[in-house]
Amino acid sequence: MSKALSPPRRTPRQERSQITVDAIFEAVARIVATQGEGALTTNRIAELAGVSVGSLYQYFPSKEAILVAMLDQHCERVMLELDALLVRARAEGWSPQQQVRQYVRQYLQAFGGGPQELRPLARLSWKLDYRAAVLVSVRGTSERIALHLQRMANDHPLRVPSAAQLFVLTRAFMGAVRAASLEQSPLLDSDEFEDALVQLCLAYLLSPALPDQSTPGATMAA
């Protein structure tokens, strides 16, 4: 991994350190939202965060490293929220259609279709999405989805996709959201886009053409 994309030099452990990191993250978000990616410099970030440039460099070696850390934090938070959503869905007996609908809606809000002031940062995050750590996160997301699908299959008559099918489904789903975000497509605000993503997922889960999966662990994406 290049120096620009290396992790923070110091992990914040104390409350004061976490406050500083949060201030840096907030400064980045404000700059990108109001002035654009081109205005993002370490000097400007430090100024807006109310810290010295030297203090900023104690935590992050570059602005790219800040963005990477922000993306990691955001992805982890969203994945935990999605996990909680699906646990609640199973506990309350939601149908597969309801579960997919709410999952798609929350994912869209988190990674592209949320408040207008956060969308520039979402687009910037998608530009970084093929670094090694994010690829690991994508695979982890696929494994989480596979686990939830197995649990859903115990409660509802649906087909659990094979490893290859799950790979295609998750990458097609995330790729569509990524493209809409990067292209600033008006589809992000449309019910039609959400519906299309829901239909994509349900086509895999409810189609009678899919073979039954009987091999343990077959649904784990590569």
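Residues numbered from 1 in each chain as written. Predicted model: local features only at pLDDT ≥ 70, side-chain atom pairs only at ≥ 80, totals over all residues. Heavy atoms only, no water.

*Asks:* Go over the packing of helix 5 (residues 96-111) against helix 9 (residues 191-206), please, and point to the residues and values.
*Replies:* Interhelical geometry of helix 5 versus helix 9 gives an angle of 135° and a closest axis separation of 9 Å. Comparing the axis directions of helix 5 and helix 9 gives the class oblique. The handedness of the crossing between helix 5 and helix 9 comes out as right-handed. Taking contact as the criterion, the partners of Pro96, Gln97, Val100, Arg101, Val104, Arg105 and Leu108 in helix 5 are, on helix 9, Phe193, Glu194, Asp195, Leu197, Val198, Cys201, Leu202, Leu205 and Leu206. By residue class, the composition of the contact of helix 5 with helix 9 is eleven nonpolar, one polar and four charged. (Axes fitted to C-alpha atoms, helices over the stretch in contact; angles between N-to-C directions. Helix = DSSP H or I, 4+ residues; strand = E, 2+ residues; numbered from the N terminus. Parallel < 35°, antiparallel > 145°, perpendicular 65-115°, else oblique. Left-handed = near helix turned anticlockwise from the far one by under 90°. Contact = heavy atoms within 4.5 Å. Nonpolar A, V, L, I, M, F, W, Y, C, P; charged D, E, K, R; others polar.)

*Asks:* Which residues make up the environment of threonine 42, and what values do they have?
*Replies:* Here threonine 42 lies in helix 2 (residues 42-49). Among the residues examined, threonine 42 registers a relative accessible area of 15% and is labelled buried. For the pair threonine 42 and glycine 54, spaced twelve residues apart in sequence, the C-alpha separation works out to 10.0 Å. Non-local contacts of threonine 42, meaning those with residues more than four positions away in its chain, are made with Leu56, Tyr57, Ser62 and Lys63. (Buried < 20%, exposed > 50% of the residue type's maximum accessible area, 1.4 Å probe, protein only.)

*Asks:* Give a description of unusual backbone geometry that names residues and reports values.
*Replies:* Notably, glutamine 184 is not glycine yet its phi reads approximately 50°, a positive angle. Within the element layout of this structure, glutamine 184 appears in the loop between helix 8 (163-182) and helix 9. Residue classification places glutamine 184 among the exposed residues on the basis of a relative accessible area of 53%.

*Asks:* Could you give an account of the pattern of salt bridges, with specific residues and numbers?
*Replies:* Evaluated as defined, the whole model comprises ten salt bridges. In this structure, arginine 44 and glutamate 47 form a salt bridge, with 3.4 Å as the shortest nitrogen-oxygen distance. With arginine 44 and glutamate 47 both in helix 2 and three residues apart, the pair spans about one turn of that helix. Note that aspartate 195 is salt-bridged to arginine 101, the shortest N-O span being 2.7 Å. Linking aspartate 195 in helix 9 with arginine 101 in helix 5, this pair joins segments that are 94 residues apart in sequence. Aspartate 195 sits in the partly exposed class, given a relative accessible area of 28%. Through salt bridges with shared partners, a single network forms among Arg101, Arg105, Glu194 and Asp195. (Salt bridge = Lys/Arg side-chain N within 4 Å of Asp/Glu carboxyl O.)

*Asks:* Give me the lowdown on the nonpolar core, citing residues and values where you can.
*Replies:* Grouped burial of nonpolar side chains is what soluble globular proteins tend to show. Membership of the largest hydrophobic core comes to 61 residues, with the highest contact counts inside it found for Val28, Ile45, Phe60, Ile66, Tyr107 and Phe111. With 14 residues, helix 4 (residues 63-92) is the single largest residue contributor to this core. Residues contacting phenylalanine 111, with those up to four places away along its chain left out, are His74, Cys75, Val78, Met79, Ala122, Trp126, Val177 and Ser181. (Core = buried A, V, L, I, M, F, W, Y, C linked by side-chain atoms within 4.5 Å.)

*Asks:* Please give an account of the environment of glutamate 81 that cites residues and values.
*Replies:* Mapped onto the elements, glutamate 81 comes out in helix 4. Residue classification places glutamate 81 among the partly exposed residues on the basis of a relative accessible area of 39%. The spatial distance from the C-alpha of glutamate 81 to the C-alpha of tyrosine 103 is 9.8 Å, given a sequence separation of 22 residues.

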